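# Fold and geometry: a report
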Protein chains: 2
Amino acid sequence: MPRALALLPLLALASAPALAGPPPKPWRSSAEVIAAAPAADWREPAPENLLVMELPQGRVLIELAPRFAPRHVANIRTLARAAYWDGLAVLRVQDNYVAQWGDPEAEKNPSGAKPLPPGLSKPGIEFAVPFKGLPLQALPDRDGWAPVQGFVDGFPMAADPKRNQAWLSHCYGMVGAGRDMAVDSSNGAELYAMIAPARGLDLNVPLVGRVLQGIELLSSLPRGGAALGFYEKPEQRTPITRVRLAADLPEAERPRVEVLRTDSPSWTALLQARRWREGWFVHSHGHVDLCSVSVPVRERGR
Amino acid sequence: MPRALALLPLLALASAPALAGPPPKPWRSSAEVIAAAPAADWREPAPENLLVMELPQGRVLIELAPRFAPRHVANIRTLARAAYWDGLAVLRVQDNYVAQWGDPEAEKNPSGAKPLPPGLSKPGIEFAVPFKGLPLQALPDRDGWAPVQGFVDGFPMAADPKRNQAWLSHCYGMVGAGRDMAVDSSNGAELYAMIAPARGLDLNVPLVGRVLQGIELLSSLPRGGAALGFYEKPEQRTPITRVRLAADLPEAERPRVEVLRTDSPSWTALLQARRWREGWFVHSHGHVDLCSVSVPVRERGR
């Protein structure tokens, strides 16, 4: 019955757990779920995957995603170890889109640009990875952006199983490596953070991680007045004090954070708490979308 | 055949135009579509629907939506005419959520609050309107938030035809009337603008309009450090210089803006330009979501 087979993905939509109706009460709030999450449901990001960016406004903490963009992540580690970003700047803040940082001279005046450190590779295209074998926590909630979506290692991602492709998604706080017109021109030296979701960017540019803390320092920067949100005057840029890997900081200076495991029962419960809400809420949609729930982060030892 | 009938909405998903594959080339860019839009595809918002809020940072222009929240909009007009908001403040900016303004004393110290002007009604609940008869430009693109979505009068909205309900959606830049725990406690004196999409708020609080210009002035404000993004100290708040209806301003002071009609061919073309992208983009999703395309606004006479 080929016709019945063709309908299968559509029937799956109707039977998705998120659409199955409200769970038995009492419904827990997100705050209650997070407060009740046992120690085993939290993880410490590896220090070699933690990028610590210091701005005059405060600290931005980024977790890198080597599973999805290993060659870009290797470059980013090399750049941080070489103190490449120290003294460079946030060049571009485009409202409802991105904040981007790197060398202001890189494009307009390459001869005046800061030299890239030795050991940097040309990483090529890292937009997607094979879907098969990924430890995906799939969302039953459906949308029109991709056939499958969910979380891996705490990062939001989407996938097309038929093409055996999976990719990180441009949700709020995700960090990517800027590229020029050439599809393989990113190298990790210019990075951006999403200050809005923009899933249309997926599969067009490599995502390399997620801001765990401090995204509000980037999203509240003044927007640039030139095209694409670039600043018109150099003094409008935000200078970068220092960027290091946590692994390269003295123990006392390392950020002490934990991230809720997206393969834990608490994460599943948190998604339900976002689908079904009480208290101030009088209507629940029984639905979340990939970018509407961010993975909780807390200070370690809380 | 009840079974076949039950499948109809799902089959509609498969046959939605947006999923029908790429249109013939050349594909136009969003900028090209907007530049080519004829005069007939633009409209001037009525001055009695234009709220002009002046902050030290600049002007925020809001178009009111009387079709969806007529009693709240009537109150907002009354409040503007009484200069109610002049000297009040932006009290709350919660990252990735909302910026909210009104009287800082209203909740904590009602006896010290600014008196509401005479003529204000208790508007009751205005979360939804009847779906039947709405001049909806439906999006063929599907998502999990509602059975139907699209645009009416330039505002993003969703609907459930079976329940004959339609409601404005909490996309970036939408403006709503804050309420307390009581479901009918909003009156329009405390307003908020979305600085991120949050469709889970739909049907929980009345939306009253959309920011046409100046949302970046609100979204780039420092985030408040107290719970829900309220500012901890009064001096951290952004004072409101003046809020007026354009209809009450002298002709020379009225904003001169036009909004692309969402019932125009240019809007349909713009949606296609966002689904199918060339140039820097190497992958197109053939999809938009309700909150991912904002309705263009330009200075009048361009």
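Residues numbered from 1 in each chain as written. Chains lettered and ligands numbered in written order. Predicted model: local features only at pLDDT ≥ 70, side-chain atom pairs only at ≥ 80, totals over all residues. Heavy atoms only, no water.

Looking only at helices and strands, chain A features 6 helices and 17 strands. The C-alpha radius of gyration of chain A comes to 20 Å, within 12% of the 19 Å expected for a compact globule of 302 residues. Across the 302 residues of chain A, 53% fall into the buried class. With an accessible surface of roughly 12,900 Å², chain A has 55% of that area assigned to carbon and sulfur atoms. Computing the positive centroid from 34 side-chain charges and the negative centroid from 31, chain A places the two 4 Å apart. (Helix = DSSP H or I, 4+ residues; strand = E, 2+ residues; numbered from the N terminus. Rg over C-alpha atoms; globule rule 2.2 N^0.38 Å. Buried < 20%, exposed > 50% of the residue type's maximum accessible area, 1.4 Å probe, protein only. Areas by Shrake-Rupley, 256 points an atom, 1.4 Å probe, with all protein chains shown as cover. Lys, Arg positive; Asp, Glu negative; His and termini not counted. Charge placed at Lys NZ, Arg CZ, Asp CG, Glu CD.)

It is worth spelling out the side chain of Arg-223 of chain A at this point. Along the chain, Arg-223 of chain A falls in the loop between α5 (215-219) and β14 (238-239). For Arg-223 of chain A, a relative accessible area of 16% translates into the label buried. A polar atom in the side chain of Arg-223 of chain A sits 2.7 Å from the backbone oxygen of Leu-221 of chain A. One polar contact links Arg-223 of chain A to Ser-219 of chain B, side chain to side chain, over a distance of 3.3 Å. If sequence neighbours within four positions are ignored, Arg-223 of chain A has contacts with Val-93, Gln-94, Asp-95, Ile-195 and Tyr-231 of chain A together with Glu-216, Ser-219 and Ser-220 of chain B. (Polar contact = N/O pair within 3.5 Å; in protein donor to acceptor, adjacent residues only side chain to side chain. Contact = heavy atoms within 4.5 Å.)

In this section: the packing of aromatic side chains. Following the criterion strictly, the structure yields 8 aromatic pairs over all chains and no others. Seen in terms of ring centroids, Tyr-84 of chain A and Trp-85 of chain A are 5.9 Å apart; in terms of plane orientation they differ by 75°. Their pairing is edge-to-face. Grouping residues by exposure puts Tyr-84 of chain A and Trp-85 of chain A together as buried. Lying over the aromatic face of Trp-42 of chain A, Arg-298 of chain A brings its terminal NZ or CZ to 4.0 Å of the ring centre. The ring of Trp-280 of chain A carries Arg-179 of chain B above its face, with NZ or CZ at 4.0 Å from the centroid. (Phe/Tyr/Trp six-rings, centres within 6.5 Å; stacked < 30°, edge-to-face > 60°. Lys NZ or Arg CZ within 6 Å of the ring centre and 35° of its normal.)

So, on to the state of the cysteines. Residue and element names in this part refer to chain A. A full pass over the atoms with the stated rule returns 2 disulfides over all chains. The disulfide that involves Cys-171 links it to Cys-291, with 2.0 Å between the sulfurs. Classification of the bridge connecting Cys-171 and Cys-291 rests on its S-S torsion, roughly -75°, and on that basis the disulfide is left-handed. A residue pair is termed long-range when its members are at least 10 positions apart, and Cys-171 in the loop between β10 (165-168) and β11 (174-177) and Cys-291 in the loop between α6 (265-275) and β17 (297-299) qualify at 120 residues. Both residues of the pair, Cys-171 and Cys-291, belong to the buried class. (Disulfide = S-S within 2.5 Å.)

So, on to the interface of chain A and chain B. Counting from both sides, the interface comprises 43 residues of chain A and, opposite them, 43 residues of chain B. Here chain A is connected to chain B by 0 salt bridges. Taken together, chain A and chain B are joined by 24 residue pairs in polar contact (both at pLDDT 80 or more). Mapped by element, the contributors of at least two residues to the side of chain A that touches chain B are α1 (2-14) and α5 of chain A. Ranked by residues supplied to the side of chain A that touches chain B, first place goes to α1 of chain A with 5 residues. Across the side of chain A that touches chain B, the residue classes break down as 21 nonpolar, 11 polar and 11 charged. (Salt bridge = Lys/Arg side-chain N within 4 Å of Asp/Glu carboxyl O. Nonpolar A, V, L, I, M, F, W, Y, C, P; charged D, E, K, R; others polar.)

Mapped onto this structure's residue numbering, the UniProt feature "domain: PPIase cyclophilin-type" (unreviewed entry) falls at residues 49-245 of chain A. Regarding residues 49-245 of chain A, the helix share stands at 11% and the strand share at 32%, and the terminal C-alpha atoms are separated by 7 Å. (UniProt positions renumbered as here; feature names shortened; annotations may be inferred.)

We now examine the relation of the copies chain A and chain B. Rotating chain A by 180° about the axis while translating it 0.0 Å along that axis superimposes it on chain B, leaving an RMSD of 0.0 Å. The two molecules are tied by a two-fold rotation axis, judged by turn and shift. Of the residues that chain A buries at the interface, 100% are likewise interface residues in chain B, meaning the two copies contact each other through the same surface. (Least-squares fit on C-alpha atoms with pLDDT ≥ 70 in both.)

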